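Breakdown of the fold
What follows is each chain in one-letter form.
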Amino acid sequence: MAGYRYVYTDKQMPTVHGAMAQVSNEIRARATEHGLDRIALELVNLRASQINGCAFCLHLHTHLALREGESPQRIAVLPAWRESGLFTRVEQAALKVAEAVTLVAERHLSDDEYDLLREDLTDDQLALLVYAASMINAFNRISILSHHPVTYREQFGSPPGAARDGQ
């Protein structure tokens, strides 16, 4: 887009972005079919976005997770999910997959780790979580490189300092 420093790839190539959104919708539909709830998918989206440092996706998926009924407490401790004791075994497995996909350049899942994941996930669920984590990683990269802005959302509460500024 002429006149802008950054290219908003989603705006520049809307059909490609739309195809990516369709893949995400398909993942969500199949996840429901195979017993993975929306909260587990949003935890995957949040954890990958935390690791990648994608402010836009963190903002969006925090909103979506809260709308699905996720608690602010669990979102707050998500970076330390292993130590929190607040996540189900399926959610922990989903978070392991999210981290494995996001950090794949650093290390791969061992056979033993795969065996542990299969204690809590079916092969279909595992495949869907790999797809979900791969898609959010793609969206993270697009948002980061496009410099997508984070905009204020009233339902998240007042921004820090708002009350002080109004005094």
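Structure shown above.
The structure reproduced in this document is the subject of the present report.

Criteria and cut-off values
- Residues numbered from 1 in each chain as written.
- Predicted model: local features only at pLDDT ≥ 70, side-chain atom pairs only at ≥ 80, totals over all residues.
- Heavy atoms only, no water.
- Helix = DSSP H or I, 4+ residues; strand = E, 2+ residues; numbered from the N terminus.
- Expected span 1.5 Å × (residues − 1).
- Salt bridge = Lys/Arg side-chain N within 4 Å of Asp/Glu carboxyl O.
- Buried < 20%, exposed > 50% of the residue type's maximum accessible area, 1.4 Å probe, protein only.
- Axes fitted to C-alpha atoms, helices over the stretch in contact; angles between N-to-C directions.
- Parallel < 35°, antiparallel > 145°, perpendicular 65-115°, else oblique.
- Contact = heavy atoms within 4.5 Å.
- Nonpolar A, V, L, I, M, F, W, Y, C, P; charged D, E, K, R; others polar.
- Core = buried A, V, L, I, M, F, W, Y, C linked by side-chain atoms within 4.5 Å.

As a further point, take helix α9 (residues 123-146). With 24 residues, α9 extends 35 Å between its outermost C-alpha atoms, agreeing within 8% with the 34 Å of an ideal straight helix rising 1.5 Å per residue. One or two steps after α9, the chain reaches His-147, where phi turns positive at roughly 55°.

With that settled, the discussion passes to the pattern of salt bridges. Counted under the stated rule, the structure contains 12 salt bridges. A salt bridge links Glu-42 to Arg-38, with the nearest nitrogen and oxygen atoms 3.2 Å apart. Taken together, the positions of Glu-42 and Arg-38, both in helix α3 (residues 38-52) and four residues apart, correspond to about one turn of that helix. Salt-bridge contacts for Arg-118 lead to Asp-123; the nearest nitrogen and oxygen are separated by 2.7 Å. Classification of Asp-123 as partly exposed rests on a relative accessible area of 47%. Connected through shared salt-bridge partners, Glu-26, Arg-30 and Glu-33 make up one network.

Attention now goes to unusual backbone geometry. Its identity as a non-glycine residue notwithstanding, His-147 has a phi of 55°, on the positive side. Turning to its location among the elements, His-147 is positioned in the loop between α9 and α10 (162-165). Residue class for His-147 comes out partly exposed when judged on its relative accessible area of 41%.

So, on to the packing of helix α4 (residues 55-67) against α9. Between α4 and α9, the least distance of the axes is 8 Å, while the angle of their chain directions is 125°. When the interaxial angle is binned, α4 and α9 end up oblique. Facing α4, whose interface residues are Phe-56, Cys-57 and His-61, α9 presents Ile-136, Phe-139, Asn-140 and Ser-143. Classifying every residue of the contact of α4 with α9 by side-chain character gives four nonpolar, three polar and no charged.

Ranked by size, the top nonpolar core spans 25 residues in total, and within it Leu-36, Val-44, Val-97, Leu-117, Leu-121, Leu-129 and Phe-139 carry the most contacts. In terms of residue count, the dominant contributor to this core is α9 (nine residues). With residues near it in sequence (within four places) discarded, Val-44 still touches Ala-94, Ala-98, Leu-129, Ala-132, Ala-133 and Ile-136. Residues Ile-39, Leu-43, Ile-75 and Phe-87 belong to the second largest nonpolar core, which totals nine residues.

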